[in-house]
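Coordinate inspection notes
Spelled out from the first residue to the last, the chains are:
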Amino acid sequence: MGVQDLVRVVLPKDDRFYDFLEEQARLAHEGALALAELGGEAGKSADGIAGIRERVHDVEKRCDKVTHQLEDALAETFVTPLDREDIHKLASLIDDILDRAYACASAFDMFSVDQPSAAAVKFFDVLERATSLLKDIVPALRKHDFDAIRAGRRQIKTIEKEGDELYRKTMKALFAEPVSDARLLIREKEIIEILEDAVDPSEDAAEYLANLAVKHG
């Protein structure tokens, strides 16, 4: 047992870092749910898309606030429940989910998309399911329930692979047929790439959680 680990045993636990991480994960799922509204009735008008973008932005700003609070707490706390670099890294990975979700919502607004394609709607579902699982497994870190973390990581990895396969099939279909307007093809390609990129941080965060399970299990 290292000196820092020994000090953690002796001193009272500071559980607010778990609170911060769990709130980040909850907000990541909230942002994914808001983004998924693009696939509903609200996503069928320019005003609706702009409104969804603002809702996702609001969630992203709330997550940024939690991230800043966590960073301030790291700077003023001598003993943390986990290594401070691990807390900072995990917080950054979860924060990335909302940054990319907002980039997705902004792309729909910027490109003046009338309504999302069937492939885009499927990506919303992939992101929603991945963040839901992440939201559920982050609290397992506080409980040292490392089996739950490893099981959740496997599930999220399966979902991420589903997203990879969806990306490949969508791109193949986009370029398989001639198009009358190349701008529409470019627009759809850009949006699908942004959506696929948005799924990755969920797996990255789950993978990092699994690494912590190995480190502390």
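Look up: the structure comes first, before these words.
Residues numbered from 1 in each chain as written. Predicted model: local features only at pLDDT ≥ 70, side-chain atom pairs only at ≥ 80, totals over all residues. Heavy atoms only, no water.

**Looking at the packing of helix 4 (residues 84-110) against helix 8 (residues 182-216)**
At a minimum axis separation of 9 Å, helix 4 and helix 8 run at an interaxial angle of 165 degrees. The angle between helix 4 and helix 8 falls in the class roughly antiparallel. When you trace helix 4 past helix 8, the crossing you get is left-handed. Here the contact of helix 4 with helix 8 is composed, by residue class, of 17 nonpolar, two polar and nine charged. (Axes fitted to C-alpha atoms, helices over the stretch in contact; angles between N-to-C directions. Helix = DSSP H or I, 4+ residues; strand = E, 2+ residues; numbered from the N terminus. Parallel < 35°, antiparallel > 145°, perpendicular 65-115°, else oblique. Left-handed = near helix turned anticlockwise from the far one by under 90°. Nonpolar A, V, L, I, M, F, W, Y, C, P; charged D, E, K, R; others polar.)

**Some points on the packing of aromatic side chains**
Scanning the entire structure with this criterion turns up two aromatic pairs. A centroid spacing of 6.3 Å and a plane angle of 75 degrees characterise the contact between phenylalanine 17 and phenylalanine 20, whose relative ring orientation is edge-to-face. In this pair, phenylalanine 17 and phenylalanine 20 both sit in helix 2 (residues 16-36), three residues apart, roughly one turn of the helix. Overall, the relative accessible area of 1% leaves phenylalanine 17 in the buried class. Consider the rings of phenylalanine 108 and phenylalanine 124, whose centres lie 5.9 Å apart with planes at 50 degrees: the pair is tilted. Taken as a pair, phenylalanine 108 in helix 4 and phenylalanine 124 in helix 5 (residues 118-137) lie far apart in primary sequence, 16 residues in all. You can call phenylalanine 108 buried: its relative accessible area is 2%. (Phe/Tyr/Trp six-rings, centres within 6.5 Å; stacked < 30°, edge-to-face > 60°. Buried < 20%, exposed > 50% of the residue type's maximum accessible area, 1.4 Å probe, protein only.)

**Details of the packing of helix 4 against helix 5**
One can describe the packing of helix 4 onto helix 5 by two numbers: an axis separation of 12 Å at closest approach and a directional angle of 160 degrees. Relative to helix 5, the element helix 4 is oriented roughly antiparallel. Considering the relative orientation of helix 4 and helix 5, their crossing is left-handed. Together, Ile94, Ile97 and Phe108 of helix 4 and Ala120, Phe124, Leu127, Thr131 and Leu134 of helix 5 make up the contact between the two elements. Residue composition of the contact of helix 4 with helix 5, by class: seven nonpolar, one polar and no charged. (Contact = heavy atoms within 4.5 Å.)

**Considering unusual backbone geometry**
The residue serine 112 is not glycine, and still its phi comes out positive at about 55 degrees. Relative to the elements of secondary structure, serine 112 occurs in the loop between helix 4 and helix 5. Residue serine 112 is classed as exposed on the basis of its relative accessible area of 52%. Non-glycine residue histidine 144 carries a positive phi angle of around 60 degrees. With respect to the helices and strands, the residue histidine 144 is situated in the loop between helix 6 (139-143) and helix 7 (146-174).

**Points about the pattern of salt bridges**
Under the definition given, this model contains 22 salt bridges. Arginine 62 is paired through a salt bridge with glutamate 30; the nearest N and O atoms lie 2.5 Å apart. Taken together, the residues span a long stretch of sequence, with arginine 62 in helix 3 (residues 46-76) and glutamate 30 in helix 2 at a distance of 32 residues. The exposure class assigned to arginine 62 is partly exposed, which follows from its relative accessible area of 32%. What makes glutamate 30 partly exposed here is its relative accessible area of 24%. A salt bridge links glutamate 207 to arginine 153; the nearest nitrogen and oxygen atoms lie 3.0 Å apart. Of this pair, glutamate 207 sits in helix 8 while arginine 153 is found in helix 7, placing the two residues 54 residues apart along the sequence. By relative accessible area, glutamate 207 is classed as partly exposed at 27%. (Salt bridge = Lys/Arg side-chain N within 4 Å of Asp/Glu carboxyl O.)

**A closer look at the nonpolar core**
One finds Leu35, Leu90, Phe108, Leu134, Leu141 and Leu195 to be the most contacted residues of the largest nonpolar core, which totals 64 residues. Among the elements of the structure, helix 2, helix 3, helix 4, helix 5, helix 6, helix 7 and helix 8 are those that each provide at least two residues to this core. With sequence-adjacent residues up to four places away left out, leucine 195 is seen in contact with Leu35, Cys104, Phe108, Ala120, Phe123 and Phe124. (Core = buried A, V, L, I, M, F, W, Y, C linked by side-chain atoms within 4.5 Å.)

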